[in-house]
Amino acid sequence: LQRLLALLVMLALGQCQFDVCRSLRSSEAGPGWEFYSCQPSTVNMKEVMQIRVDPPGVTCGNPPERFCTLENPYLCSDECDASSPDLSHPPQLMGDRERGGLITYWQTVTWTRYPEPLLANITLSWNKSLEVVDDIIVSFEYGRPTAMVLEKSMDKGVTWQPYQYYADDCLEVFGMSPKRVSDLAPSNLTRIICTEQYSRWVGAKEEKNMVFEVRARFGVFAGPKLINMDALYLRMETMKGLRDFFTFTNLRLRLLRPALGGTYVQRDNLLKYFYAISNIDVPARCKCNLHAAQCVLRDATLQCECDHNTSGQDCQLCNQGFKSRSWRPGSYLPLPKGTANTCNSISTSSSTSTNSPTIPGLGTDSEIEGTFPGEETAASGPAEGSESDENTLFFIHPQTPSFLSPFLVFLVFPSDCECNGHSNRCSYIDFINVVTCVSCKHNTRGQNCQFCRLGYYSNALLSLDDENVCVASQCHQDGSASPHCSDSGFCQCKDGATGRRCDTCLPGYTWRGGGASCTVNMCDEEDLICQNGGTCVNLQRCVCLDGFTG
């Protein structure tokens, strides 16, 4: 039933609305193409995901070991052995197709090193931008974790940001008030929340799934049955950051504490504490910027089959011979067919395109002599940097010295620069067919001054053309591994540290300061209790009574 509902949702999300990129139309001038926004169909991306598990050795079976279950804690007859096909539980079993009712699963080692935390990271990679369109579901065997974080990356694993927190007690584990997606409003739909809905103990067999709720978020705009999809597409175009929220290249599960069976850790039987995952469903489509209706697996890499004179893995570029500065993603609007935003031909004459600058007094490219920065000719006027004429064009001819060839660079009119208000100078580089902004201000960088410089991140509350959009990073000097944050504003934390600034500690760690950052707790008064009357000192060591040691 659940899979049938998922299929119906996928059909609703597609609605055959954006599945065609172009169609042939007749007119008085003859037949011609009419272009539409288009996107690939939805598939379960588990079929093509790559799985990596960290740290090394966290998968059970090497060496072989016995394990128990929370519901039969003293019946420890089960065994994990990596050398036996019937007893092994490797990572690839999280993404396999289960047949004949036989459930296969990946499993970790047991928590025999308690009180040291049992931590495991599961990284899912596609090496391609994807857009999730339905609930992400992770199925656990033998109980769901009591503390876990789902993270995403939009740059193929270079930087990470939290997607959702999961805990049986959000306030205790993450210092966050528990919420559900149903508590969110349209204005804060992209808020990162901590939920207790999928972590509380209700029995290992009764509730297996951890869910990242996409369908409910869509339903805020499209209605609970996703009938009004036009309202969702409208919001996708007009609500800042909404499309990016559902976009990722990688996902990562950080498992922080296993299922405990609804009680505290029982030290006399640690063989019943471990993680086991049988399935991961990721319903998504390739992100092709609404310029492709097909996505194919080529040389083990997902690739959009681009239309609209675009190219690149995500159709994020114009084809050779088309103006790069004319590239824009397709738009869902106006409904129902959207706007294709095709790339313009670079040969389009200035008389028919308001985006093409006129060049008074100059002939074709082959007639233009080479001009270098700092030089001046009658045709080109003052050299770059001169304030006498902002509309001056410069050319570096292909027949210039070899250290410049084969590049042909045009410094184009400020009116043709698309620099989001952070520069009025840009260059067209013929060899790679790119128009790029020059000397971006306000701590911006990039082809269109659309990114922030190293050490700055974009303030999501401001528009891209605001001169204060880039904010200096404030990474904590003790908790962060680098003084520079990612483009999303999250700092790269040292082990044990968390938060946007890496200024707080994960569960099981304590802030020490003085350059030490977060150090793992060796004892405490709740879970890591010193034995035989020992006293915990500074969460770091147990002071034993006379006659005891360890």
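The coordinates are above.
Residues numbered from 1 in each chain as written. Predicted model: local features only at pLDDT ≥ 70, side-chain atom pairs only at ≥ 80, totals over all residues. Heavy atoms only, no water.

K.L.:
Got a minute to help me understand the environment of threonine 159 in this structure?
P.N.:
Tracing the chain through its elements places threonine 159 in the loop between β10 (147-153) and β11 (161-167). For the pair threonine 159 and glutamine 492, spaced 333 residues apart in sequence, the C-alpha separation works out to 7.8 Å. Once residues lying within four places of it in the same chain are set aside, the contact partners of threonine 159 are Lys152, Ser153, Met154 and Ser486. For threonine 159, the side chain forms a polar contact with the side chain of aspartate 155, separated by 2.6 Å. (Helix = DSSP H or I, 4+ residues; strand = E, 2+ residues; numbered from the N terminus. Contact = heavy atoms within 4.5 Å. Polar contact = N/O pair within 3.5 Å; in protein donor to acceptor, adjacent residues only side chain to side chain.)

K.L.:
Would you take a moment to explain helix α3 (residues 215-222) for this structure?
P.N.:
Residues spaced three or four apart along an α-helix face the same direction, because each turn holds 3.6 residues. Along α3, the residues that are buried comprise Arg217, Phe218, Gly219, Phe221 and Ala222. Of the residues flanking the end of α3, it is glycine 223, one or two places downstream, whose phi is positive at about 90°. (Buried < 20%, exposed > 50% of the residue type's maximum accessible area, 1.4 Å probe, protein only.)

K.L.:
Help me understand the state of the cysteines in this model?
P.N.:
In total, this model carries 16 disulfides according to the counting rule given. Linked covalently through their sulfurs, cysteine 286 and cysteine 295 form a disulfide whose S-S length is 2.0 Å. Measuring handedness by torsion sign, the sulfur bridge of cysteine 286 and cysteine 295 sits at about -70° and is left-handed. No disulfide involves cysteine 485; its nearest neighbouring cysteine sulfur is the one of cysteine 475, lying 5.2 Å away. Just so you know, cysteine 544 is unpaired, no disulfide at all, and the nearest cysteine sulfur is the one on cysteine 542, 6.4 Å from it. Look at cysteine 544 and you get partly exposed, because its relative accessible area is 30%. (Disulfide = S-S within 2.5 Å.)

K.L.:
Whenever I open this one, the packing of aromatic side chains confuses me. Can you help?
P.N.:
Geometry of an aromatic ring pair is reported as the spacing of the ring centres plus the angle between the planes. Across all of its chains, the model carries 17 aromatic pairs by this definition. Members of the aromatic cluster, joined through ring pairs, are Tyr163, Phe212, Phe218, Phe245 and Phe246. Here the guanidinium or amino end of arginine 22 rests over the ring plane of tryptophan 33, the centre of that ring lying 4.8 Å away. The ring of tryptophan 160 carries the charged tip of arginine 252 above its face, separated from the ring centre by 4.2 Å. (Phe/Tyr/Trp six-rings, centres within 6.5 Å; stacked < 30°, edge-to-face > 60°. Lys NZ or Arg CZ within 6 Å of the ring centre and 35° of its normal.)

K.L.:
I tried to follow the layout of surface pockets on my own but got confused; where do I start?
P.N.:
In this approach, a probe sized like a water molecule rolls over the atoms, and the result shows the empty space that is left. In this structure, the second largest pocket encloses a volume near 930 Å³. Lining of the second largest pocket is provided by 36 residues; of these, Glu151, Arg252, Arg254, Cys493 and Ala497 occupy positions nearest its centre. The set of elements that each furnish at least two residues to the lining of the second largest pocket consists of β4 (50-54), β8 (120-132), β11, β14 (247-257), β28 (480-485), β29 (491-493) and β30 (497-498). Considering each element in turn, the lining of the second largest pocket owes the most residues, four residues, to β14. Grouping the constituent residues of the lining of the second largest pocket by class yields 17 nonpolar, eleven polar and eight charged. (1 Å grid on protein atoms, 1.4 Å probe; cavity = no way out; pocket = protein on both sides within 12 Å on 5 of 7 lines; lining within 4 Å. Points joined across faces, edges and corners; volume = space filled by probe spheres on them. Nonpolar A, V, L, I, M, F, W, Y, C, P; charged D, E, K, R; others polar.)

K.L.:
What is the right way to read helix α4 (residues 229-238) from this model?
P.N.:
All of the buried residues along α4 are Met229, Leu232, Tyr233 and Met236. In a view along the axis of α4, the buried residues occupy a sector of 95°, so they form one face of it. (Arc of directions from axis to C-beta.)

K.L.:
Got a minute to help me understand a negative patch on the surface in this structure?
P.N.:
A cluster of like negative charges, contributed by Glu172, Glu525, Glu526 and Asp527, occupies part of the molecular surface. Structurally, aspartate 527 can be placed in the loop between β33 (518-520) and β34 (535-537). For aspartate 527, a relative accessible area of 31% translates into the label partly exposed. (Patch = residues over 30% accessible without salt bridge, like charges linked within 9 Å, V, L, I, M, F, W, Y side chains within 5 Å. Areas by Shrake-Rupley, 256 points an atom, 1.4 Å probe, with all protein chains shown as cover. Salt bridge = Lys/Arg side-chain N within 4 Å of Asp/Glu carboxyl O. Lys, Arg positive; Asp, Glu negative; His and termini not counted. Charge placed at Lys NZ, Arg CZ, Asp CG, Glu CD.)

K.L.:
Whenever I open this one, the sheet that holds strand β15 (residues 276-281) confuses me. Can you help?
P.N.:
Two orientations exist for strands paired in a sheet by backbone hydrogen bonds: parallel and antiparallel. Read across the open sheet, the four strands follow the order β7-β15-β9-β13; overall the sheet is antiparallel. The open sheet has two edge strands with one neighbour each: β7 (106-107) and β13 (209-212). Bridge count between β7 and β15: two bridges; the pairing is antiparallel. Each residue of the ladder has a partner; that of glutamine 107, found in β15, is alanine 276. (Pairing = 2+ DSSP bridges.)

K.L.:
I keep staring at the nonpolar core and nothing clicks. Help me out?
P.N.:
Grouped together as the largest cluster of nonpolar side chains are 69 residues, with contacts concentrated most on Trp106, Ile122, Trp126, Leu253, Leu255, Ile277 and Ile280. When sequence neighbours within four positions are dropped, the list of residues in contact with leucine 255 reads Trp106, Leu118, Leu119, Ala120, Ile122, Phe140, Pro145, Ala147, Met148 and Tyr275. (Core = buried A, V, L, I, M, F, W, Y, C linked by side-chain atoms within 4.5 Å.)

K.L.:
Can you help me understand the pairing of strand β16 (residues 283-286) in this one?
P.N.:
Working note: regular strand, side chains alternate between the two faces of the sheet. Judged from the two bridges that link them, strand β3 (residues 43-44) and β16 form a sheet pairing that is antiparallel. Paired with asparagine 44 across the strands is proline 283, a residue of β16. Pairing between β8 and β16: three bridges, direction antiparallel. Bridge pairing in β16 places valine 132 opposite alanine 284.

K.L.:
Looking at this model, I keep getting lost on the environment of proline 483. Mind explaining?
P.N.:
Structurally, proline 483 can be placed in strand β28. Put simply, proline 483 and serine 473 are ten residues apart on the chain and 7.5 Å apart in space, counted from C-alpha to C-alpha. Among residues more than four places away in sequence, those in contact with proline 483 are Ser473 and Cys475.

K.L.:
Is there a simple way to think about empty space enclosed by the protein in this case?
P.N.:
Scanning the model with the defined rule gives three cavities of 30 Å³ or more in all. Within this model, the largest cavity holds a volume of roughly 150 Å³. Contributions of two or more residues to the lining of the largest cavity are made by β8 and α4. Element by element, the count of residues in the lining of the largest cavity is highest for α4, at four residues. Its residues assigned to classes, the lining of the largest cavity comprises ten nonpolar, one polar and three charged.

K.L.:
Help me understand the side chain of glutamate 65, please; the structure alone is not making it clear to me.
P.N.:
Within the fold, glutamate 65 resides in strand β5 (residues 65-67). Side chain to side chain, glutamate 65 and threonine 110 meet in a polar contact 2.8 Å long.

K.L.:
Hey, could you run me through unusual backbone geometry in this one?
P.N.:
Note: most peptide bonds trans; most residues except glycine with negative phi. A cis geometry characterises the amide bond from asparagine 62 onward to proline 63, with omega recorded as 10°. Here proline 63 is to be found in the loop between β4 and β5. For asparagine 309, which is not glycine, the phi dihedral falls at a positive 65°. Structurally, asparagine 309 is set in the loop between β18 (301-306) and β19 (310-311). The class of asparagine 309 is partly exposed, set by a relative accessible area of 23%. The backbone of asparagine 538 shows a phi angle near 55°, a positive value even though the residue is not glycine. Structurally, asparagine 538 can be placed in the loop between β34 and β35 (541-543).

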